[in-house]
Amino acid sequence: QQESCLRFQIENQPFKMAKKLPRDPGAPKRNMSAYLLYQNAMREQFKALNPGMTFGQLAKYTSAMYAEMPPAEKEAWVARAEADKARYLHELASYVPPPGYDAKGDAIIAPLGAKGRGKSGKPEKDPNAPKRNMSAYLLYQNA
């Protein structure tokens, strides 16, 4: 019953999240920054030192440790990030996208539900549609 209640809440939300366009599964993975490489490498170690930390607290702790890191050690992480960027650019150069995907692997086909819709997601207004009646006040103003 709790699951059905949760499903009802999710289905009846007042707004809908925009769906991301699909990516080609064979496309090269993006390069990671020096901080992300550091965070992924040290996450388990920091979790072991502080087992009661929540995800947000762990992220704050990791960013503080990265900020206090000596420049020599930080350079090692920057070098790893540069190597990862070189890997990505090399894979991207040899990547041939299938039809319907751009050079980075993102889909270029519009989602199915977006036909006849503008930037805001509202249906486009027909310029030949009849106009609404003017109110009595506007008729008085224009006379």
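Here goes a summary of the coordinates provided. (Residues numbered from 1 in each chain as written. Predicted model: local features only at pLDDT ≥ 70, side-chain atom pairs only at ≥ 80, totals over all residues. Heavy atoms only, no water.)

The subject of this paragraph is empty space enclosed by the protein. Tallied over the entire structure, the rule returns 1 cavity of 30 Å³ or more. A volume near 40 Å³ is recorded for the largest cavity. Forming the boundary of the largest cavity are Q39, R43, F55, L58, A59 and T62. If you list the elements that add at least two residues to the lining of the largest cavity, you get α2 (34-49) and α3 (55-67). If one sorts the elements of the lining of the largest cavity by residue count, α3 sits on top with 4 residues. Residue classes in the lining of the largest cavity are distributed as 3 nonpolar, 2 polar and 1 charged. (1 Å grid on protein atoms, 1.4 Å probe; cavity = no way out; pocket = protein on both sides within 12 Å on 5 of 7 lines; lining within 4 Å. Points joined across faces, edges and corners; volume = space filled by probe spheres on them. Helix = DSSP H or I, 4+ residues; strand = E, 2+ residues; numbered from the N terminus. Nonpolar A, V, L, I, M, F, W, Y, C, P; charged D, E, K, R; others polar.)

Let us now look at helix α4 (residues 71-94). A rise of 1.5 Å per residue sets the reference length of α4, with its 24 residues, at 34 Å; its end C-alpha atoms lie 35 Å apart and thus fit the reference within 8%. Three or more residues of α4 are buried, namely W77, A81, D84 and Y88. In this structure, the buried residues of α4 make contact with α2. (Expected span 1.5 Å × (residues − 1). Buried < 20%, exposed > 50% of the residue type's maximum accessible area, 1.4 Å probe, protein only. Contact = heavy atoms within 4.5 Å.)

Moving on: a nonpolar patch on the surface. Judged by side-chain polarity, M134, Y137, L138, L139 and Y140 come together as a nonpolar surface patch covering roughly 590 Å² of accessible area. Along the chain, L139 turns up in helix α5 (residues 136-142). The class of L139 is partly exposed, set by a relative accessible area of 49%. (Patch = residues over 30% accessible without salt bridge, like charges linked within 9 Å, V, L, I, M, F, W, Y side chains within 5 Å. Areas by Shrake-Rupley, 256 points an atom, 1.4 Å probe, with all protein chains shown as cover. Salt bridge = Lys/Arg side-chain N within 4 Å of Asp/Glu carboxyl O.)

Here the focus is the packing of aromatic side chains. We describe a pair of aromatic rings using the distance from one ring centre to the other and the angle between the two ring planes. Evaluation of the coordinates by the stated rule reveals 5 aromatic pairs. For the pair Y38 and Y66, a centre-to-centre distance of 5.3 Å together with 45° between the ring planes defines the contact as tilted. On the criterion of sequence distance, the pair formed by Y38 in helix α2 and Y66 in helix α3 is long-range, its members being 28 residues apart. Across the pair, exposure class does not vary: Y38 and Y66 are buried alike. Taking the centre distance of 5.0 Å and the plane angle of 85° together, the rings of F46 and Y61 count as edge-to-face. In this pair, F46 is assigned in helix α2 and Y61 in helix α3, connecting sequence segments 15 residues apart. Through pairs of rings, three or more aromatic residues link up here, namely Y35, Y38, F46, Y61, Y66 and W77. Taking NZ or CZ as reference, K74 lies 4.8 Å from the ring centre of Y66, over its face. Lying across the ring of W77, R80 places its NZ or CZ 4.1 Å from the centre. (Phe/Tyr/Trp six-rings, centres within 6.5 Å; stacked < 30°, edge-to-face > 60°. Lys NZ or Arg CZ within 6 Å of the ring centre and 35° of its normal.)

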